[in-house]
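Structural overview
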There are 2 protein chains.
Amino acid sequence: MSGETNLQQWRFALAVARNGLSVTSAAQALGVSQPAISRALKALEHTLGFDLFVRQGRALTRVTPEGEQLLDAAQRAVAEFNSLTALAQDVAGDESGSLSLATTHTQARYVLPPVITEFRRHHPSVDLNLHQGTSEQIAEMVAADRVQLAIATGSEALFNDMVLLPVYRWHRQVVVPRKHPLTRSARLTLAQLAAFPLVTYVFSFSGQSSLQQIFARADLSPKIALTARDSDVIKTYVRLGLGVGIVASVALDPREDSDLVALDAAHLFPIHTTWVGFRRGTRLREHTYDFLAFFGPHLSRRLIDRASVDPTRIPELFRRLVLPVR
Amino acid sequence: MSGETNLQQWRFALAVARNGLSVTSAAQALGVSQPAISRALKALEHTLGFDLFVRQGRALTRVTPEGEQLLDAAQRAVAEFNSLTALAQDVAGDESGSLSLATTHTQARYVLPPVITEFRRHHPSVDLNLHQGTSEQIAEMVAADRVQLAIATGSEALFNDMVLLPVYRWHRQVVVPRKHPLTRSARLTLAQLAAFPLVTYVFSFSGQSSLQQIFARADLSPKIALTARDSDVIKTYVRLGLGVGIVASVALDPREDSDLVALDAAHLFPIHTTWVGFRRGTRLREHTYDFLAFFGPHLSRRLIDRASVDPTRIPELFRRLVLPVR
DNA sequence: GATATTTACGTCCGCCGTAACTATT
DNA sequence: AATAGTTACGGCGGACGTAAATATC
């Protein structure tokens, strides 16, 4: 190995690895020209004396075994340097900076607005980037290092190497128009529900603990009138009488949705936990700690730090905490 | 904070901190000109927006509180980057590089020669730097990051933030010329010893478990004929009949010292453990693992890695190991 | 006046972006 | 043809060393 490598080269290589082995998208993600990446990568591999990526023609097809090892170590080095920078800014009392987060529709639409408002009030000069997407898209943004925080419900398996902190729990509610037959029922049952066409989230019908399976276990197979990606669409179609809606409890606004009747369904479906996550090895800025505290008041700095050090202890650390149910 | 800091700046700042806040010696240690450090430091502090060092006039007198925090984090970042580089070289199968170690006279003179020989045979292209000094000097070299490995006996307190692995144990032996009265004694006692002037190491008479105290506890106060810094000097004066020598057991060579008689003194003085240490957070090169294995065959890669991860477990990890006594 | 740090200056090297080129589909 | 990566070129900026200046003791 002749010569020195530098952090920038590793940053570039990591960006390539994280952006589907595409030099172009890595360049876009980092805001540099594409030749810059291409050249730096070549120089890096040259000083290393071996390749990090396998090429087919000019395209990168996969990471070499050596690359796996080194990119892993490089990730740690880059993370450590980023932590240093974050610490420096905090010590400087520098209020600027950015906070980028990715979350789902329901969180962005119903849960986060007051949190964001509060945050902006305390940190007006931090520029906030909120990205909305499916769990998969959120996971992708995290993987490509485009966001610092991820907020989602379930799908923990998609977020490897992250520290996932439970924030609050919610259950499903059934929504129907006024005067719907179900409003006369004192305590809903699955059988009653299954008698009507259902309108609910797309993802509620796939996966392990899907609604499908819950009904199936009771030997019921309800008709699905419509699956949507967000609660607003669901409520719209419930209003049109298309069927009975099943939405997250947080997605109901007493005022806005006063034309609808919400029926408790906590006893029918399992409870969900919404979490917020960040990459392991990241040092959070002061303002990020603040954001987390606004989001979940139990998320004290002390608790977050402990969880960061050893994420396997998270269940234990949160066991005694009574998370709010919304 | 405006602009970016870079690793080099932090390396420089760390070097200054580690070299007694002297810009000049930091420059020498890093092999760069002194203005380079001075300038980089100024630039770093400027982008940070606050000072890392307190100045009195032009001289640096101490580290600021902010500096403490940041240099600590910077150390981690730099160490992580160095680890990356070390890994890269190993993955490249790069046999070059260097291994620098600091140790005491006894180790350098009696214990290390075969280790070094073996090492050179396996890694002829690694250039080896062996520095000899007192425990304090060794600690200083470690602190200034001028050596990767330190080998010493006792003085653990001087080597903070290091991983210290026990290698072997040794006891003291009494050496006298042939026909010395003590050679007739079957089993030495402190009282017998105290009847003669003693010749031994300087450091054996200072500190916690010094010879002085051992004799004092037995109400004895032997006459000290000479204290030397190395065993060769001691043996020389024993040969001249100046007194009875007390040396490390490893410092006796059956052939070379055939004109002297060695008397067992293991029952009189506490046993010592010689250790080898390296800074926490360092990633060792392959050849360094090899060196350690040659030095202490029980120092397997697995054991070293475990000890590195959590040095507090070292006593536990080594408990079941029977260290050789020499 | 000696020592250590800072400032000044000239040079060089490295990295970047634009643009042209090339391989692959 | 379009897409993605590489090579070529010109320019800018950062970092270094030498040398001079300036504090500080």
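Refer to the structure printed above.
As the structure is a prediction and not an experimental result, all values here were calculated from the model. Throughout, residues of each chain are indexed from 1 in the direction in which the sequence is written. To read the labels, note that chains go from A and ligands from 1, taken in the order they are written. Reporting of local features is limited, given that this is a predicted model, to residues whose pLDDT is at least 70; pairs of side-chain atoms are given and counted only at 80 or more, and all residues count toward the totals for whole chains, interfaces and linings. Note: side-chain values were computed over all heavy atoms of the structure, leaving out hydrogens and water.

Notes on the sheet that holds strand β4 (residues 127-132) of chain A
Residues and elements named next belong to chain A. Operational definition: By definition, two strands form a pair when at least two bridges between them are found by DSSP. Starting at the N terminus, helices and strands are each numbered in turn, a helix being any DSSP run of H or I of at least four residues and a strand any DSSP run of E of at least two. To obtain each axis, a line is fitted to C-alpha atoms, and for helices this fit is confined to the stretch in contact; angles are then taken between N-to-C directions over 0 to 180 degrees.
Spatial ordering of the open sheet is given by β4-β3-β5-β12-β6, a layout of 5 strands whose pairing is mixed. Only two strands of the sheet have a single neighbouring strand rather than two, namely β4 and β6 (162-170). Within the sheet, the average angular offset between the axes of one strand and its neighbour, ignoring direction, is 20°. Pairing geometry for strand β5 (residues 149-153) and strand β12 (residues 272-279), over 4 bridges, is antiparallel. Across the sheet, Ala152 pairs through a bridge with Trp275, a residue of β12.

Observations concerning the pattern of salt bridges
Test applied: By definition, a salt bridge exists where a carboxyl oxygen of Asp or Glu is found within 4 Å of a side-chain nitrogen of Lys or Arg.
Tallied over the entire structure, the rule returns 30 salt bridges over all chains. Its salt-bridge partner being Glu256 of chain B, residue Arg109 of chain B comes within 3.5 Å of it at the nearest N-O pair. Of this pair, Arg109 of chain B sits in helix α5 (residues 105-122) while Glu256 of chain B sits in the loop between β10 (244-248) and β11 (260-264), and the two are 147 residues apart along the sequence. Through salt bridges with shared partners, a single network forms among Lys235, Arg239, Asp257 and Asp259 of chain A.

What about the sheet that holds strand β9 (residues 224-228) of chain A?
Residues and elements named next belong to chain A. Threshold: When checking whether two residues touch, look at their non-hydrogen atoms; a contact exists if any pair is within 4.5 Å.
Judged by pairing direction, the sheet is mixed, and its 5 strands sit side by side in the order β9-β8-β10-β7-β11 without closing on themselves. This sheet does not close on itself; its edge strands, each paired only once, are β9 and β11 (260-264). Ignoring which end each strand starts from, the neighbouring axes of this sheet average 30° apart. In this sheet, β11 lies alongside strand β7 (residues 172-177) in antiparallel orientation, the contact comprising 5 bridges. When the bridges of β11 are listed, Gln173 appears paired with Asp264. Its contacts with the sheet place helix α9 (residues 231-239) against β7, β8 (198-201), β9, β10 (244-248) and β11, and it is angled at close to 170° to β8.

Things to note about the interface of chain B and chain A
We count it as follows: Note on definitions: buried area is the accessible-area loss of two parts on being combined, 1.4 Å probe, summed for both. As used in this structure description, the phrase polar contact means that two N or O atoms lie within 3.5 Å; if the pair is within protein, one of them must be able to donate a hydrogen and the other to accept it, and residues adjacent in sequence are counted only when both atoms belong to side chains.
At the junction of the two partners, chain B supplies 26 residues and chain A supplies 26 residues. For the chain B and chain A pair, buried surface summed over both sides reaches about 2,200 Å², with 74% attributable to carbon and sulfur atoms. Arg76 of chain B serves as the salt-bridge partner of Glu80 of chain A, at 3.5 Å between the closest nitrogen and oxygen. The interface formed by chain B and chain A contains 2 residue pairs in polar contact (both at pLDDT 80 or more). Considering each element in turn, the side of chain B that touches chain A owes the most residues, 15 residues, to helix α4 (residues 65-91) of chain B.

Re the nonpolar core
Heads up, the rule is: The nonpolar core is taken to be a set of buried Ala, Val, Leu, Ile, Met, Phe, Trp, Tyr and Cys residues, with the residues joined through side-chain atoms within 4.5 Å. Exposure categories follow from relative accessible area, calculated using a 1.4 Å probe and restricted to protein chains: below 20% of the type maximum is buried, above 50% is exposed, and the middle band is partly exposed.
Ranked by internal contacts, the top residues of the largest apolar core, which has 63 residues, are Trp10 and Phe53 of chain A together with Trp10 and Phe53 of chain B. For Phe53 of chain A, the contacting residues outside a window of four places in its chain are Ala13, Val16, Ala17, Leu21, Leu41, Glu45, Leu60, Arg62, Val63, Thr64 and Leu71 of chain A.

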